[in-house]
Each structure stands twice: as structure tokens, then as C-alpha cells.
Amino acid sequence: MAAPVELGAPNLIRARTTGVARRRRWRRRATPWFFILPALLIHVFVIGGPSVVTFFLSFTSWNGFTFGKFVGLDNFHQLLSDTTVRQALVNNLTWTAIFLTIPISLGLGVALLISSIRNGTVQMIYRTIFYLPATISSVVVGRLWAWIYDPFYGISTLFTTWGLTGLVQSWLADPNLALYSVANADNWRWWGYLMIIFLAALHNTDPTLHEAAAIDGASRLRSFWHVTLPSLRPTLVFIGLLTIIWSFQVIDLIFIMTQGGPANASMTLSMWIYQQAVYNYSPGYASAIAVTMTLGLSFFIAGFVYLRHKGWDV
Amino acid sequence: MSIPIHSEGRHRPDHRHPDWLNAGWLKHPLLLVLAFTAIFPIGLLLMNSIKSDTAIKVNAFSLPDGWHWENFSSAWNQADYTPAFKNSIIVTSGTVFLVCLFGGMCAYGLTRFSVPGLNIVVFYLFITFSLPGLLYLVPLFVLWHNLHLIDTLQGIMIIYIAQQLPFATMLLRSFFVGLPRELEDAARVDGCTEFGVFRRVILPLSWPGFASVGLIVGIFSWNEFIFAITFLPSQEMQTVSVRYAAFTGQYTQDLAASTAAGAIMILPAMVIFLLLQKRFVAGITAGGVRG
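Just so we're clear, the structure is a prediction, and the values are computed from it rather than from any experiment.

**Concerning the overall build of chain A**
Right, on to step 1. On a plain count of helices and strands, chain A comes out with 12 helices and 0 strands.
Right, on to step 2. Computed over the C-alpha atoms, the radius of gyration of chain A is 28 Å, more than 25% above the 20 Å expected from 2.2 N^0.38 for a compact globule of 314 residues.
Right, on to step 3. Out of the 314 residues in chain A, the part that is buried amounts to 41%.
Right, on to step 4. Taking all contacts inside chain A whose residues are at least 6 apart in sequence as the whole, residues at least 24 apart take part in 66%.

**Some words on the overall build of chain B**
Right, on to step 1. When helices and strands are counted, chain B shows 15 helices and 0 strands.
Right, on to step 2. Across the 291 residues that make up chain B, the buried fraction comes to 44%.

**Concerning the interface of chain A and chain B**
Right, on to step 1. Every contact between the two is made by 86 residues of chain A and, on the other side, 79 residues of chain B.
Right, on to step 2. Class assignment for the residues of the side of chain A that touches chain B results in 57 nonpolar, 24 polar and 5 charged.

**Things to note about the domain arrangement of chain B**
Quite often, the size of an interface is put as the accessible area lost when its parts meet.
Residue and element names in this part refer to chain B.
Right, on to step 1. Taken domain by domain, chain B holds domain 1 (22-67) and domain 2 (74-288).
Right, on to step 2. On a C-alpha basis, the centres of domain 1 and domain 2 stand 32 Å from each other.
Right, on to step 3. Facing the 9 residues of domain 1 at the interface are 7 residues of domain 2.
Right, on to step 4. When residues of the side of domain 1 that touches domain 2 are traced back to their parent elements, those giving at least two are helix 2 (24-48) and helix 3 (53-58).
Right, on to step 5. Tallied by class, the residues present in the side of domain 1 that touches domain 2 amount to 3 nonpolar, 3 polar and 3 charged.

**With respect to the nonpolar core**
Right, on to step 1. In this structure, Ile289(A), Val99(B) and Ile161(B) are the most contacted members of the largest nonpolar core, which totals 161 residues.
Right, on to step 2. Split by domain, this core shows at least three residues from each of two domains, domain 1 (22-67) and domain 2 (74-288) of chain B.
Right, on to step 3. In this structure, Ile289(A) is in contact with Leu79(A), Val85(A), Leu269(A), Trp272(A), Ile273(A) and Gln276(A), ignoring residues within four places of it in sequence.

**Observations concerning the environment of Cys192(B)**
Right, on to step 1. Turning to its location among the elements, Cys192(B) is positioned in the loop between helix 9 (181-189) and helix 10 (194-205).
Right, on to step 2. The class of Cys192(B) is partly exposed, set by 16 C-beta atoms lying within 10 Å.

**Topic: unusual backbone geometry**
Residues and elements named next belong to chain B.
Right, on to step 1. Even without a glycine there, the phi angle at His148 is positive, about 55°.
Right, on to step 2. Within the secondary structure layout, His148 lies in the loop between helix 7 (133-146) and helix 8 (153-177).
Right, on to step 3. In this structure His148 comes out as exposed when scored by C-beta crowding, with 9 C-beta atoms within 10 Å.

**Notes on helix 14 (residues 255-275) of chain B**
Right, on to step 1. Its 21 residues give helix 14 of chain B an end-to-end C-alpha distance of 30 Å, which sits within 8% of 30 Å, the value for a rise of 1.5 Å per residue.
Right, on to step 2. Bending of helix 14 of chain B peaks at approximately 35° at the position of Leu267(B), with proline Pro268(B) no more than four residues after it.

**Observations regarding the packing of helix 3 (residues 83-115) of chain A against helix 9 (residues 220-249) of chain A**
All names here are of chain A.
Right, on to step 1. Where helix 3 contacts helix 9, the two axes come as close as 9 Å, and the packing angle between them is 145°. The two elements helix 3 and helix 9 meet at a crossing, and its hand is right-handed. Between helix 3, through Asn92, Trp95, Thr96, Phe99, Leu100 and Ile104, and helix 9, the contact on the second element is made entirely by Ile239, Gly240, Thr243, Ile244, Ser247 and Phe248.

**Some thoughts on the confidence of the model for chain A**
All names here are of chain A.
Right, on to step 1. Looking at chain A, pLDDT values average 84 and 92% of them are 70 or higher.
Right, on to step 2. For chain A, per-element mean pLDDT is lowest for helix 8 (residues 207-215), which scores 75, and highest for helix 3, which scores 93.
Right, on to step 3. Scored below 50 in pLDDT, residues 1-10 makes 4 contacts in the model with residues more than four places away or belonging to other chains.

**A look at the environment of Leu253(A)**
Residues and elements named next belong to chain A.
Right, on to step 1. Checked against the element boundaries, Leu253 lands in helix 10 (residues 252-257).
Right, on to step 2. Residue Leu253 is classed as buried on the basis of its C-beta count, with 24 C-beta atoms lying within 10 Å.
Right, on to step 3. Separated by 111 residues in the primary sequence, Leu253 and Gly142 place their C-alpha atoms 5.5 Å from one another.
Right, on to step 4. Dropping the residues within four chain positions of it, Leu253 is found in contact with Ser138, Val141, Gly142, Val182, Ala185 and Asp186.

**Focus on the confidence of the model for chain B**
All names here are of chain B.
Right, on to step 1. Of all residues in chain B, 89% attain a pLDDT of 70 or more, and the chain-wide mean is 83.
Right, on to step 2. Contacts of residues 1-13 to residues separated by more than four positions or lying in other chains number 8 contacts, the stretch itself having pLDDT below 50.
Right, on to step 3. Taken over the whole predicted complex, pTM reads 0.85, whereas the ipTM for its chain interfaces reads 0.84.

**Quick notes on the packing of helix 11 (residues 207-223) of chain B against helix 14 of chain B**
Residue and element names in this part refer to chain B.
Right, on to step 1. Put simply, helix 11 and helix 14 touch, their axes get as near as 10 Å, and they point 165° apart. Judged by the angle between their axes, helix 11 and helix 14 are roughly antiparallel. Crossing geometry of helix 11 relative to helix 14 is assigned as left-handed. Residues Ile219, Trp222 and Asn223 of helix 11 lie in contact with helix 14, whose contacting residues are Pro268, Ala269 and Phe273.

**Topic: the environment of Leu79(A)**
Residues and elements named next belong to chain A.
Right, on to step 1. Within the fold, Leu79 resides in helix 2 (residues 74-80).
Right, on to step 2. Residues Leu79 and Ile289, spaced 210 residues apart in sequence, show a C-alpha to C-alpha distance of 6.9 Å.
Right, on to step 3. Here Leu79 is in contact with Val85, Ala288, Ile289 and Thr292, once residues within four sequence places are set aside.

Rules used throughout
- Residues numbered from 1 in each chain as written.
- Chains lettered and ligands numbered in written order.
- Predicted model: local features only at pLDDT ≥ 70, side-chain atom pairs only at ≥ 80, totals over all residues.
- Helix = DSSP H or I, 4+ residues; strand = E, 2+ residues; numbered from the N terminus.
- Rg over C-alpha atoms; globule rule 2.2 N^0.38 Å.
- Buried ≥ 20, exposed ≤ 12 C-beta atoms within 10 Å, placed from the backbone.
- Contact = placed C-beta atoms within 7 Å.
- Nonpolar A, V, L, I, M, F, W, Y, C, P; charged D, E, K, R; others polar.
- Domains from an automatic or database assignment.
- Core = buried A, V, L, I, M, F, W, Y, C linked by C-beta atoms within 7 Å.
- Expected span 1.5 Å × (residues − 1).
- Bend = angle between axes of the 7 residues up to and from the residue.
- Axes fitted to C-alpha atoms, helices over the stretch in contact; angles between N-to-C directions.
- Left-handed = near helix turned anticlockwise from the far one by under 90°.
- pLDDT = per-residue confidence, 0-100.
- Parallel < 35°, antiparallel > 145°, perpendicular 65-115°, else oblique.

As C-alpha cells, this is what we get:
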């Protein structure tokens, strides 16, 4: 690539080589950015930039049409006295509690059962079956379960013929049940994913540790408690963090199955943000809720980063 | 190094599992019950999609009263799936291709060079990985409105690409770290440019990583709903998931057509998963388990 060097002009040659060297150094510095910039620019343009704009919007009374004026902390004051926000927060916390326990224990338990199967084909068939619901679009999952919950066509008809009248409920229309019914549908398509991750983590545990524990006379239960679980700790912490983040952002099945109803019984923060921004034409207020939610979540992420810095193997 | 007594081949007890879990009599019934709950709703959907509307309404749990394949054609026509499938295929394949290209380039840049500033990029990707979609939806909508990208396939494609890039970059990065550098150096000595090294050495060697990313991103783009319904308001631009939602919202009384529409929507993703599940699972675990 270097330009051919002419003879008989020493000064010129020196000037040119330094020019080439500078260009080369520039190129060495710039090459990595040539690879990184397309992805980074798209991401900043779509997600990073608009997220920052939301932060500023949360201090305005913008209604989506005319430019809003700066209203200081008014949106945040409104948020504190908004009973729907309070209801949504409680629902998100309930959702988090459900998803930190049921799918994780189900996923881990089934991963343990499956990994003790010696026959590889049988293992693979189970794994495939349990993961299958996760490949289905949330719209279909939502409609399918709404239909199963339907009091006239759904599972209730089956319960009636079996005489299980206690289980004949309007699962989505009852304010006491709606949130749990949606959570059940979401769990149905979610725990298989956790099972796959736990299965991979179990394959990575060192079998010699278990042998050592057995030689030391540990029972299998103790061996599970003192060897298997600690070796799964990084995976468990990581999944716990993901669960918290996703539980606070949950919207799709709520959107499809209940839209937050009946009477806000299944309202979540993301659903409320969407309703405020899109149906209620108050993106300024919606931004304030979104910013507060994100700040709350970033505490968990910061805690995670802090623990990692302290040398925790998480 | 294992201790001789405990490596007597197949009869070695598996100490990873407590006794009660190894008990075969409990294990298989339990797994079969769970497998039934996982399969049952899908089976119900597929079974009812070939039943007549009256048969579904009389008893959704009865066996088919015949093969009502006309449900599928009537669902396809009523839901206006022809343009929707075209749109979904364009969006999905475009997203998969560009996420693999840009994500692969970004991962390569992050693993193969050490220049100040790269750590900040990794940190940025890690932080924004967990940003809620509802945080940036409103300004993005205004921006897309001003750029006339609402109701365009490239508009929704750019959003999906941005949303999937951090995941793809992280997964491919873990792939590239394991590739031997000697091959790249050999290519450089032979006169390859940096991009040539990426295209001729890295891409062919790490195709399993790209296959996993492509599958996961593809199924995500095929299924995505919230952004699609917000950014694609007019019927002729909508993807299959939005058309399905709109159709089943309008025609909830026609259960035969709406179950058939659901079956049509889920079958492509499910078949691709069943055919390529090994690659798929490898991708999920590489992205989910941090070693």
C-alpha cells in the first residue's frame, strides 16, 4: 500500500515515511472502531439516545402534539399520589416473587431429574418438549390461554363435567385471580428456558468434587446441598437478576390477555406506561414512570456489579 | 484424576443427585406429567384447528369431528396473511442478516483489538442490555414519525436490530475468544486486510455461533408484538403476529378460523426449532450461562 519511494531526495523520503507511519498508526487506532461503530451507532440511535430524551421528557408536560413546557418535578409528584402506580408496583413485586420461586425451582428440579437420565435420546426428547412452549409467540400464548381460561369454552367446561365446581372460575375476569392466571400462562412458556440453562450449568459442574464428597461419607442430599448448589451459584444469581429485571418490565402477556384489567387488578408498570403514553396522550407523565422504574432497576444491577467487583463469583 | 474405586464404568453412582431424585419410579411419572402440561395447550390448539367451529364450541376437548382443512384457508384469507407473511419474512431475514453482520463485526472489534475506549463500549452494552423497552418507546416513536419510518418495514427492522445487537455481540464475543489467533496472523501475513481476515477466517470458523444467533434473533423477530403493533399501524404493513392479534380480536366468535390462524402463526418457528434445536440450545446456553 505504501507509495513507491523516489530515489535522490532524502528529505522528501523522510517526510513521506513519517507520513506513512502516521497514517499507519491512525489506521491501527481506527480499525477497531470501523468494526464497532455500525453496531454502536444503531444502538445509540434507537435505544441509547431516545432513553436519554425520555429522561428530559419526564420533566415536561408534553402531550404528544405541542411542545411541552418544563414542569419540574410535577410528574414525579403526580406519580407519588397515583393509586394505579401503587397497584402496578405491588403487582410487579408479586410477579417478581412468583417468578423468583416457581419457575426457578421447577426449572432446576427438572434439570436435575433430566440430567440423571442416562439415555441421551430420552433426555433430548424431554428437553425438547419442555422448551417447546418458549418458541411460541406471546400473542398466540396469550390468546390460547385466554381461551383455556374462558368460562364457556375453556377448561371450566371440563371441570364441570368432572364435578370439580370449585375450579370453575372466570380466571381472567376475577380481580383476585387475573394476575395469577396471566402469571401461570407466562410461567408455562418460561420455565423450560430456565431448565435448559440449569441443565447446561449442571453439565459444567466438576464430577470429581462429588466423588470426593462421597468418599468423605457425605450423603447424596448433603452432596447436593454442599457441592451442586454452590457450583450453580453463579447461574442462580444471574438468573435471579434477569428474573427481577424482566419481572419489572413485563408487558406482553398482560397487554394481550387483560390490558391490566379488570379494574387494574393485573396492571403492571410497563402496561401503565404504555397506556399513559399511547392511549392517554401524556408521554411526559409516562416518561416519569419509566425513568423511576429504570432507576429502581439500576439499583439491582449496580448491586450485582458491586458484588462482582468485591470478588464474588457471581 | 479420578479415584479408581469410583470409576468402574457404568455402575458408578451419580453423586450429583440426591437419592430420591435417582429413584426411577418417581422420576418418570413426574416428568411425564410435566411434559403433558407443557404439550397439552399446544396440542389443544393444533387439534382444534382442524375441528369445525360448532364442534369446538360444543366441546373444545373432544377429538376432531373430521379433517376441516378449510379452517386454514379461511383463516389465511380472513386474517389477510399473504402480505403479513411477506412482511414478516422480509423483516425477519433482514434483521437476522444485519444483526449477524454488525454484531459479528462489533464482537470481532471488541475481542481482537486493545485500544482505549473499548471497555466503555462493553460497559455501555452491558448497561443498556437491561433497559426496558417502554423507556425509549415514546421518543423513538416521535423520531420515527419525523423520519417517516412509521409503517415501514425498514423502520421496524432497525428497531429489532438495535434490540438484538447487545445479545448477539455478547454471544459472538464469547465465541471469538476461543478461536486460535495463529490462523488470523497467517492470513494477515498472506496479505489479507483486517476486514478480509474477518470475512475469510473468522466467519467460516465461527458459523455455529452465527447459526445460534440467527435462530434466536429470527424467532424473536418473527414473534415480536409490542413494537410491531405500535410502529406498524396500517394493515398492509403489519407482520404476522400483529395480523393474528387483530384477526383474533375481531373474530373471536369464529373459533375454528382463529385457532387455525394461531396454528399457522406458530408452525414455522416451531418446525425450525425442532429441526435445528441443537444449535438453538447451544446459543441459549452460551448466552445464558456465564462460565
